[in-house]
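Residue-level structure breakdown
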Amino acid sequence: MRRVETSAPGEAEVSRHGDPPLPERAPPPRRAPSSRVDRASEEAALSCLNRGQRDEALKILMYAYGSRITQYAARMLRDRELAKDVRQQVFLKAFQQIDTFERRGTLLSWLCGIAHHRCLDELKRPATTRREPLDTLEDLAWDSALSESPSRIAKQRALERCLGKLQPHLRTQVLMRYFFGLSDAEIGELVGNTPGAVQRRVARILPRLRRCLCDEGGTR
Amino acid sequence: MSAAKPGADQSADLVDAPFLDDAERVESEWLLASAQDPAAPAPSPELARDYADLEALLESLPAGDADDSWHDEVLRLAAAQAPETAPVLDSTHAPGTVKLRAADEQLGRETVPAPTDAPAAASERPRSRRVRRWAAAGALTAITAAVVVAVMVRPPPPNAQSTNLQIEIRREAQTRGDESVAAIGDRLLVRARPVGTGEVRVYRVIGGDGALVGRCPAGPRCTGSADGALALDVALDVPAPHYVVIFEQLTRPLPVGAMSEDLQAARAMNARYQMKQITVH
């Protein structure tokens, strides 16, 4: 019979059936999502810009943020081929306009803004053959998920389905917050809202996502 | 998307939409409160755990594999779209008034048309007026040329690339053609001759910033010669972007911190630096 540590060291607690009770997991306090800013690459890119080496800066940004921008566009557009086109447009536009980058924020946030607007432009077009079936997009949980547990993969796929069901203007804010780790102020600036409005919107989206996950079997 | 009918969320803006039920309202209010104060009490521990799981799942959405196969195409298109900066001969102007677009745009000036472009009626104008036009055109061209020369020979900015600095990157087993890409197991050999007091450093990008993995002259696997040349040998054993940074004209020792901090310190002392990115697959 195994002894289980309780809050009082030395005390033992044993369940009625002889098995140790599962320790109660304390709810963690909510915290802001982790920033995805690659500081070294941002420094390097800005250094290149200072020397007038825009093409070098572009290379650095593509290495640092290319994958994330692609996945963001794929999740927004639900079309991986279109996402690749948008990725190219984003970095070309960045190359053309990088001299206008005001160094108040991060290059990640700036690129995210370009990607956001490019995706909205694409979504305004008539949907012809653009949208992929949601099932194929579940594979957004693809390659890097190979090392995950089956239950984790199932949850990620359910989450991809639920994200796909959100309206694009809501989905983009979820992605900006959690996938790019932008602050409410940064998101507000990109979508033309106050930080408070962003918080209110996220506070409305998350309960819907949670219920959707329950329905999809992604959570308990 | 709702509890009753997932995917049925058609509201223009969810913020203004009615709550599906009291439970959703309570959850939303708690989420909003906890955005201001993370310690705001949750409706229940189970709910707090559910949201912690959901937010962790959202944060860990796969970002995709590194794929640089598309970079060259973007660079090619970017190069094709790059604005012209070199002086351009404008064919609408005679050789005597070659228009230097870049310089003119920079100065916000217009170039006086060449006499050959003047309408035929100009020949009927008084001679003194034509002489004044020629003189004005010549003077303006001379001023423009002088400004262009001044722009071309002005000293480089503090971080401009140094011409007497050479960076050589080699791999032990086999020299690769592309010096910006390496494989695990390669060795990075950096040779540099910094101007003034200098240092070579190699950083590996980890967790969003560069961590120092090699430095010269004050580090292992570093050799220095009497003429100031430095050689640093670094094993590339982690698949991550690396940066080779050469600092020059240091007026005080650099800190040993994250790459962003070191670059900031270099800028603070007006030191110069160059960097090169190497991707290790």
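Residues numbered from 1 in each chain as written. Chains lettered and ligands numbered in written order. Predicted model: local features only at pLDDT ≥ 70, side-chain atom pairs only at ≥ 80, totals over all residues.

It is worth spelling out the overall build of chain A at this point. Looking only at helices and strands, chain A features nine helices and zero strands. Traced from its N-terminal end to its C-terminal end, chain A shows the element sequence α-α-α-α-α-α-α-α-α. The 220 residues of chain A split such that 46% are buried. Counting only contacts in chain A whose residues sit at least 6 apart along the sequence, the fraction spanning at least 24 positions is 59%. (Helix = DSSP H or I, 4+ residues; strand = E, 2+ residues; numbered from the N terminus. Buried ≥ 20, exposed ≤ 12 C-beta atoms within 10 Å, placed from the backbone. Contact = placed C-beta atoms within 7 Å.)

On to the overall build of chain B. Of regular secondary structure, chain B possesses six helices and eight strands. Secondary structure elements in chain B, listed N-terminal to C-terminal, are α-α-α-α-α-β-β-β-β-β-β-β-α-β. Sorting the 281 residues of chain B into buried and exposed places 24% on the buried side. Partitioning the intrachain contacts of chain B with sequence separation of at least 6 by distance along the chain shows that 53% fall at a separation of at least 24.

What follows is about the interface of chain B and chain A. Each side of the interface is counted separately: chain B has 64 residues, and chain A has 67 residues. Broken down by secondary-structure element, the contributors of at least two residues to the side of chain B that touches chain A are helix H1 (22-36), helix H2 (45-59), helix H3 (71-81), strand S3 (199-206), strand S4 (209-216), strand S7 (241-248), helix H6 (259-268) and strand S8 (272-280) of chain B. If you tally residues by element for the side of chain B that touches chain A, the top one is H2(B), at twelve residues.

Attention now goes to the pairing of S7(B). All names here are of chain B. Counting buried residues along S7, eight of its eight residues qualify, which places the element largely inside the surrounding structure. In S7, alternate side chains face the same way, and those of Pro241, Tyr243, Val245 and Phe247 on one face and His242, Val244, Ile246 and Glu248 on the other are all buried. In this structure, S3 lies alongside S7, joined through six bridges in antiparallel fashion. Counterpart to Val202 in the pairing with S7 is Val244. As defined by bridge partners, S7 adjoins S8 across eight bridges and the pair is classed as antiparallel. By the bridge assignment for S8, Tyr243 is matched with Gln277. (Pairing = 2+ DSSP bridges.)

Between two packed helices, both the angle of their axes relative to each other and the distance between the axes serve to describe the pair. All names here are of chain A. Remark: helix H8 (residues 184-191) packs on helix H9 (residues 195-216), axes separated minimally by 8 Å, with the N-to-C direction vectors making an angle of 100 degrees. Relative to H9, the element H8 is oriented roughly perpendicular. Residues Asp184, Ala185, Ile187 and Gly188 of H8 lie in contact with H9, whose contacting residues are Pro195, Ala197, Val198 and Gln199. (Axes fitted to C-alpha atoms, helices over the stretch in contact; angles between N-to-C directions. Parallel < 35°, antiparallel > 145°, perpendicular 65-115°, else oblique.)

With that settled, consider the nonpolar core. All names here are of chain A. Leu61, Ala73, Leu111 and Ala115 are the most contacted members of the largest nonpolar core, which totals 93 residues. The element best represented in this core is helix H2 (residues 54-77), accounting for 14 residues. Setting aside residues no more than four positions away along its own chain, Leu111 makes contact with Leu61, Tyr65, Ile69, Val90 and Ala94. (Core = buried A, V, L, I, M, F, W, Y, C linked by C-beta atoms within 7 Å.)

A few words on the sheet that holds strand S5 (residues 222-224) of chain B. Residue and element names in this part refer to chain B. Pairing within the open sheet is antiparallel, and its three strands lie in the order S2-S6-S5. Looking along the sheet, the strands with just one partner apiece sit at the ends: strand S2 (187-192) and S5. Taking each pair of neighbouring strands and ignoring which way they run, the sheet shows an average axis angle of 10 degrees. Inspection of the sheet shows S2 paired to strand S6 (residues 230-235) by six bridges, in the antiparallel sense.

All names here are of chain B. Ordered by their spatial adjacency, five strands build an open sheet running S1-S8-S7-S3-S4, and the pairing between neighbours is mixed. Looking at the sheet topology across the chains shown, the edges are occupied by strand S1 (181-182) and S4. The sheet contact formed by S3 and S4 spans seven bridges and is antiparallel. What sits directly across from Val205, in S4, is Gly210.

Attention shifts here to the environment of A:Ile98. Residues and elements named next belong to chain A. Its place among the elements puts Ile98 in the loop between helix H3 (80-97) and helix H4 (107-124). Along the chain, Ile98 and Leu111 lie 13 residues apart, while their C-alpha atoms are 9.8 Å from each other. Those residues in contact with Ile98, other than ones at most four positions away along the chain, are Leu49, Arg54 and Ala57.

With 16 residues, helix H6 (residues 150-165) of chain A should cover 22 Å at 1.5 Å per step; its first-to-last C-alpha distance of 23 Å lies within 8% of that length. All of the buried residues along H6(A) are A:Lys155, A:Gln156, A:Arg157, A:Ala158, A:Leu159, A:Glu160, A:Arg161, A:Cys162, A:Leu163 and A:Gly164. (Expected span 1.5 Å × (residues − 1).)

Here we come to the packing of H2(A) against H3(A). Residue and element names in this part refer to chain A. In contact at an axis separation of 8 Å, H2 and H3 are set at 145 degrees when each is read in the N-to-C sense. By crossing handedness, the relation of H2 to H3 is classed as right-handed. Along the contact surface, H2 presents Arg54, Leu58, Leu61, Met62, Gly66, Ile69, Thr70, Ala73, Ala74 and Leu77, while H3 presents Arg80, Leu82, Ala83, Lys84, Val86, Arg87, Val90, Phe91, Ala94 and Phe95. Here the contact of H2 with H3 is composed, by residue class, of 14 nonpolar, two polar and four charged. (Left-handed = near helix turned anticlockwise from the far one by under 90°. Nonpolar A, V, L, I, M, F, W, Y, C, P; charged D, E, K, R; others polar.)

In this section: the confidence of the model for chain B. Residue and element names in this part refer to chain B. For chain B, the mean per-residue pLDDT works out to 70, and 61% of the residues sit at or above 70. Highest mean pLDDT in chain B belongs to H1 (93); lowest belongs to helix H4 (residues 101-107) (35). Per-residue pLDDT stays below 50 along residues 2-11; that stretch engages in 22 contacts with residues further than four places along the chain or on separate chains. Here residues 147-163 is modelled with pLDDT under 50, and outside its nearest four sequence neighbours on either side it reaches 21 contacts, counting other chains as well. (pLDDT = per-residue confidence, 0-100.)

What follows deals with the confidence of the model for chain A. Caution applies to low-pLDDT regions: their predicted coordinates should not be interpreted in detail. For chain A, the average pLDDT comes to 81, and 76% of its residues sit at 70 or higher. For the stretch residues 141-145 of chain A, pLDDT sits under 50, and the model shows twelve contacts to residues farther than four places along the chain or on other chains.

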